[in-house]
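What the coordinates show
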Amino acid sequence: MARPASPITLQPGDALIIVDVQNDFLPGGSLAVPRGDEVVAPLNTLIARCTRLRLPVIATRDWHPQDHCSFHARSGPWPPHCIAGTPGAAFAPALALPESATIVSKAVTADVDAYSGFGGTDLHDRLQAAGVRRLFVGGLATDYCVLNTVRDGLANGYAVILLTDAIRAVDVTPGDGQRAIDEMARLGAHPIASVDIRNPA
Ligand SMILES: [Zn+2]
């Protein structure tokens, strides 16, 4: 008989990383992730739990200039999205970010893109300063910014918990999302539904 997986319990040293839950990535946005809005409810529940336990909550965001290299006009792969200061770049209104949340902006210059929250940002320094050792990661999109943030988190030495009910994929090629989940698990991330994460006794 297989040994039951050890339960995941929130504890000091944990942090919640919310990846790119911005209007342009939600249904109706310029680069909408199918059912992207469904990540908000489970993330809000976890935000409340982490806030109660005084665990850091960090929200990353794409924060592009108008002539960003990832846009079609510059032969990039994507339509214009998350242009700094526009409504499309704002966090989803329903996302209940606390005042204490740390905002990490990425890909803020025209010629550099970053799918990872660690890409060209001070995220690692901030986590180190806060004594963080384990990351709970959810948001958008599974097959791009979540995948790359998880990959860099593991490479930087963090344990990573992937919130399977709080991620959604672009699926440019059908199956991309599942392949990304498989890849993150292979690299050492622990996939779990947020409802199965326990509070400390
Ligand atoms: Zn972008």
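Structure: above.
Quick look at the structure, then. (Residues numbered from 1 in each chain as written. Predicted model: local features only at pLDDT ≥ 70, side-chain atom pairs only at ≥ 80, totals over all residues. Heavy atoms only, no water.)

This paragraph deals with the overall build of the protein. The number of helices and strands found in the protein is 4 helices and 6 strands. Along the protein, from the amino end to the carboxyl end, the secondary structure elements read β-α-β-β-α-β-α-β-α-β. For the protein, whose C-alpha radius of gyration is 16 Å, the value lies close to the compact-globule estimate of 17 Å for 201 residues. If you line up the protein on its principal axes, its C-alpha atoms span 55 × 40 × 30 Å. Looking at the protein as a whole, 50% of its 201 residues are labelled buried. At a minimum sequence separation of 6, the contacts of the protein that also span at least 24 residues come to 77%. Accessible surface, the protein as shown: approximately 9400 Å² in total, 54% of it carbon and sulfur. (Helix = DSSP H or I, 4+ residues; strand = E, 2+ residues; numbered from the N terminus. Rg over C-alpha atoms; globule rule 2.2 N^0.38 Å. Buried < 20%, exposed > 50% of the residue type's maximum accessible area, 1.4 Å probe, protein only. Contact = heavy atoms within 4.5 Å. Areas by Shrake-Rupley, 256 points an atom, 1.4 Å probe, with all protein chains shown as cover.)

Here the focus is empty space enclosed by the protein. In the structure shown here, the tally under the stated rule is 1 cavity of 30 Å³ or more. What the largest cavity holds in volume is close to 140 Å³. Lining the largest cavity are 15 residues, with Phe25, Leu31, Trp78, Tyr144 and Cys145 sitting closest to its centre. Here the residues of the lining of the largest cavity sort into 10 nonpolar, 3 polar and 2 charged. (1 Å grid on protein atoms, 1.4 Å probe; cavity = no way out; pocket = protein on both sides within 12 Å on 5 of 7 lines; lining within 4 Å. Points joined across faces, edges and corners; volume = space filled by probe spheres on them. Nonpolar A, V, L, I, M, F, W, Y, C, P; charged D, E, K, R; others polar.)

A few words now on the environment of Ala130. Looking at the element boundaries, Ala130 is found in the loop between helix 2 (123–129) and strand 4 (134–140). Given the relative accessible area of 48%, Ala130 is considered partly exposed. Ala130 sits 117 residues away from Gly13 along the chain, and the two C-alpha atoms are 7.9 Å apart.

This part covers unusual backbone geometry. Of note, the bond from Leu140 into Ala141 is cis; its omega dihedral lies within 30 degrees of zero at -15 degrees. Here Ala141 lies in the loop between strand 4 and helix 3 (142–155). The phi dihedral of Arg35 falls on the positive side, at around 60 degrees, and the residue is not glycine. Inspection of the secondary structure assignment puts Arg35 in the loop between strand 1 (14–19) and helix 1 (40–52). The backbone of Arg54 sits at a positive phi, close to 60 degrees, despite the residue not being glycine.

Time to look at the environment of His72. If you trace the backbone, His72 turns up in the loop between strand 2 (57–62) and strand 3 (102–106). Residues His72 and Phe25, spaced 47 residues apart in sequence, show a C-alpha to C-alpha distance of 16 Å. With sequence-adjacent residues up to four places away left out, His72 is seen in contact with Pro77, Trp78 and Pro79. For His72, the side chain forms a polar contact with the main-chain oxygen of Gly76, separated by 3.2 Å. (Polar contact = N/O pair within 3.5 Å; in protein donor to acceptor, adjacent residues only side chain to side chain.)

We now examine the pattern of salt bridges. Applying the stated rule across the entire model yields 10 salt bridges. Of the charged contacts, one joins Glu183 and Arg151 as a salt bridge, the two residues approaching to 3.8 Å between their closest N and O atoms. Remark: Arg151 occurs in helix 3 and Glu183 occurs in helix 4 (residues 176–187); sequence separation between them is 32 residues. Judged by its relative accessible area of 24%, Glu183 falls in the partly exposed class. In this structure, the salt-bridge partner of Asp176 is Arg179, at a minimum N-O distance of 2.9 Å. Pair noted here: Asp176 and Arg179 are both in helix 4, with a separation of 3 residues, about one helical turn. (Salt bridge = Lys/Arg side-chain N within 4 Å of Asp/Glu carboxyl O.)

Considered as a void within the structure, the largest pocket measures approximately 160 Å³ in volume. Taken together, Pro34, Arg35, Thr142, Thr164, Ile167, Arg168, Ala169, Asp171, Gly177, Gln178 and Ile181 make up the full set of residues lining the largest pocket. Only strand 5 (159–168) and helix 4 provide two or more residues apiece to the lining of the largest pocket. Residue classes in the lining of the largest pocket are distributed as 4 nonpolar, 4 polar and 3 charged.

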